[in-house]
Amino acid sequence: AFQNVGSIVWVFGEPYPNTANTSLVDYYGHEKLAYYLVGEAYSPLHCSLQYDSLLFQPGRPFCVTAYVHNDRLEEIKGLVEVEFKEYDGNSLGSVAFDGIAIKPQSRMRVGSAEVTLGTKPVTAVVRLISQNRVHQNRYLFLPKTEERSHSIAAVEAFYDETFTWALGQEQQKE
């Protein structure tokens, strides 16, 4: 069954300067963080993870399934990697799927990765490495615990990493 509800960019630019708006570009023509994230999401090559919940039970196996979406007109060959890290940078391991080939205008289930997680928030990164280019998508998973300070710090760190990535995209454009 098809499991995508889709998305629509409702407002591209702001009609007047303001601090709360869902636009991608501000009144003065500067790209917001969302501009780069939406651009990455609409990329013709996109990798993603399927998972049951953004919350996990510490000490129990946690499983994700990697997919690659190819909207290009040619076949794409490459390597897909799924990497897990605690928000403080401690590596929990990675799984690589080499030699994959994604047919034109299709999606492909690449494989699954499983890891037993502790009590700290975890980032999972899925990467497609093809033709010397990296396409990636990042996820933040939080433990089902009473301790919330780790979760708040993880969300802040995740946002900072995303903002730093977007600044790099802007600098590449110049």
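Our subject is the structure listed above.
Residues numbered from 1 in each chain as written. Predicted model: local features only at pLDDT ≥ 70, side-chain atom pairs only at ≥ 80, totals over all residues. Heavy atoms only, no water.

Engineer: Outline unusual backbone geometry, listing residues and values.
Structural biologist: Although it is not a glycine, Gln105 adopts a positive phi angle of roughly 45°. As for its placement among the helices and strands, Gln105 is situated in the loop between strand 5 (91-102) and strand 6 (106-116). The backbone of Asn132 sits at a positive phi, close to 60°, despite the residue not being glycine. Asn132 gets classed as exposed once you look at its relative accessible area, which sits at 85%. (Helix = DSSP H or I, 4+ residues; strand = E, 2+ residues; numbered from the N terminus. Buried < 20%, exposed > 50% of the residue type's maximum accessible area, 1.4 Å probe, protein only.)

Engineer: Any details on the sheet that holds strand 6? Residues and values, ideally.
Structural biologist: Spatial ordering of the open sheet is given by 1-3-6, a layout of three strands whose pairing is antiparallel. If you trace the sheet from one side to the other, it starts and ends with strand 1 (45-50) and strand 6, each paired once. Averaged over all pairs of adjacent strands, the angle between strand axes in this sheet comes to 20°, irrespective of strand direction. Bridging between strand 1 and strand 3 (residues 61-70) involves six bridges; their strand directions are antiparallel. Paired with Gln50 across the bridge in strand 3 is Thr65. (Pairing = 2+ DSSP bridges. Axes fitted to C-alpha atoms, helices over the stretch in contact; angles between N-to-C directions.)

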